[in-house]
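# Chains, contacts and geometry: an overview
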Amino acid sequence: MLGTTFKRIIRAGVVGFFRNAFVSLATMLVMMITLFVIGSLLFMNAALESTLDQVKDKVDINAYFLTTASEEQVLEVKTAVEHLPEVMAVQYISREEALVIFKERHKDDQLTLQALEELDENPLGASLAIRAKDPSQYEIVADFLEGQMAVAEGEQQIIEKVNYHQNKVVIDRLSGLTASIETAGLAFTIFLTVASVMIIFNTIRLAIYTNRDEIEVMQLVGASNWFVRGPYIVEGVLYGFVAGLFTLFLFYPLSIYMSSATESFFGSFNSLVFYTSNFGMLFKYIVGSGVVLGAVSSFLAVRRYLGV
Amino acid sequence: MSDSLIRFDKVSKFYNGGPAALDAVDLDVKHGEFVSIVGHSGAGKSTLLKMILAELYPSEGAVLIDMDDTQHLSKGEVTQLRRKIGTVFQNFRLIDSKTVYENIAFALEVAGMGDEEIEVDVPHVLGLVDLHDKAEHFPKELSGGEQQRVAIARAIVIQPSLLIADEPTGNLDPINTYEVVQILKKINDLGTTVVLTTHNKGVVDSVGGRVVTMDAGKIVRDDSGGQYML
């Protein structure tokens, strides 16, 4: 009995979907527009995130050691810094490596290289390049390093300087910018999602509004609420599913088309690579939102016309 | 009293403090009767029918269908009640998006009938109302008389103990009116109680059963074997 009812509800929904072809098509087109907005937000957020990550990656602070500092001393500081919870990575550049880098950087500058040759000893100190997990955390790291600089009596100073204060302005701006872009992005996403939900809800409500007399008749004939509501929900799910699939496939040619443009604009972000490597996630969000929105909208819309 | 199907016990109905749509109505309809209810528009005929279907409830008094007080029925019991009552309306009230066959099958589907029964019963009632060749048509493709016959087929396919017909001939020409009345009489002969409201004197006279005359929410005449008089 329950199985039969379920089967009939599904069948009535599918028949309704195909029979009201024009209404179905119009509803799905509107849903596609809103699902397209949701999909675009996924792309935008991914592009923004990868750009921000990239910029964040470029910011670090360096602790420069005196040439008198021994390798053990430097590595001791490195281990201590690595144990800070805010620190993501620490790169140790030995004195020899610093010299290689220096020579490489000045390879066209014979005068400087000659001056270097004049010295019997490597004038460069070792350094640590430190990356924090978040730009706002550099201050904590810098404070820690400066604490290390203030040496106890009798001990030798080993850290020459920490370049946090030179970088502070850039770091502060970047962390401010990241935070505000993320907040704005979230607000934008919420706004567009709410708008999309309302548009879809209203579209389905209008489609069902034309059937309000039928709903009344069904109830007079003795149909239970679920028997009336069920087929509309099935129809709503179908609208959402088909609109979601079409939207998802629409993003494919778009991703190809935008592929090189996005790569050159965002640097690390390529729309086609994102589409293919995140297909599952996109499917889940676009088709999933379609199905959920379709079902919920139908449910709410029919409920308005169910008296009893 | 045990064979009474419908009982109105001093039923009054007020809409938003206006004058009584029904005023202390007492009515008793027995199993197998054919009752015509006549009266001007606004006499309270539709209110009376809606109370039988538990679409409306009395402001005072009680409506008993098969000894059950409609006011004490749960949502599910109201649905059950409606499945025992066949209804036919002036404006047919078919489901436009479903074919003739599906409209009739729908009444059986909601009652939880099996597919085999539906496949037997629907063609059978389509034969009774002489529409077997229109099974796959949509209501909008039929004439008024044909639509009303579909509505009657839908009403009787569930083998109701009671058939309610609210101005079933109101939108029909005389020939279709005659056909509809004949079908209703045939259904009554087969044992179904019929409650009919109408303006049409010809209909009442050709049925020739019990006539209840209403005016301003009151029953002013109740003649068995009566004629239409206003």
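Structure shown above.
Predicted model, so just to flag it, every value in this text is computed and none were measured.

A separate point is the overall build of chain A. Helix and strand counts for chain A stand at 11 helices and four strands. Relative to its 308 residues, chain A shows a buried fraction of 41%. Sequence separation of at least 24 residues holds for 80% of the intrachain contacts in chain A that already meet a minimum separation of 6. Surface accessibility of chain A: about 17000 Å² in total, with carbon and sulfur atoms responsible for 64%.

Quick look at the sheet that holds strand β2 (residues 87–93) of chain A now. All names here are of chain A. An order of β2-β3-β1-β4 is seen for the four strands of this open sheet, with the pairing classed as antiparallel. The sheet is open, and its two edges are formed by β2 and β4 (159–162), each paired on a single side. Across this sheet, the average inter-strand angle for adjacent strands is 20°, counted without regard to direction. Two strands pair when backbone bridges link them, and β2 and strand β3 (residues 127–132) are joined in this way by six bridges, in the antiparallel orientation. Looking across to β3, one finds that Val-90 is bridged to Ile-130.

Once that is clear, we can look at the interface of chain A and chain B. Accessible area lost during the coming together of the parts is what is often quoted as the interface size. With 20 residues of chain A at the contact, the number on the chain B side is 26 residues. Each partner contributes to the roughly 2100 Å² buried at the junction of chain A and chain B, and carbon and sulfur atoms together form 55% of this total. Together, A:Arg8, A:Leu220 and A:Val221 form the three largest contributors to the area buried by chain A at its contact with chain B, with a combined 32%. Our enumeration of links across chain A and chain B arrives at five salt bridges. B:Glu109 is the salt-bridge partner of A:Arg11, the closest N and O atoms lying 3.1 Å from each other. Contributing elements (two or more residues each) for the side of chain A that touches chain B: α1 (2–19), α8 (212–220) and α9 (225–266) of chain A. Looking at which element gives the most residues to the side of chain A that touches chain B, the answer is α8(A), with six residues.

Thresholds applied
Residues numbered from 1 in each chain as written. Chains lettered and ligands numbered in written order. Predicted model: local features only at pLDDT ≥ 70, side-chain atom pairs only at ≥ 80, totals over all residues. Heavy atoms only, no water. Helix = DSSP H or I, 4+ residues; strand = E, 2+ residues; numbered from the N terminus. Buried < 20%, exposed > 50% of the residue type's maximum accessible area, 1.4 Å probe, protein only. Contact = heavy atoms within 4.5 Å. Areas by Shrake-Rupley, 256 points an atom, 1.4 Å probe, with all protein chains shown as cover. Pairing = 2+ DSSP bridges. Axes fitted to C-alpha atoms, helices over the stretch in contact; angles between N-to-C directions. Buried area = accessible area lost by both parts, 1.4 Å probe. Salt bridge = Lys/Arg side-chain N within 4 Å of Asp/Glu carboxyl O.

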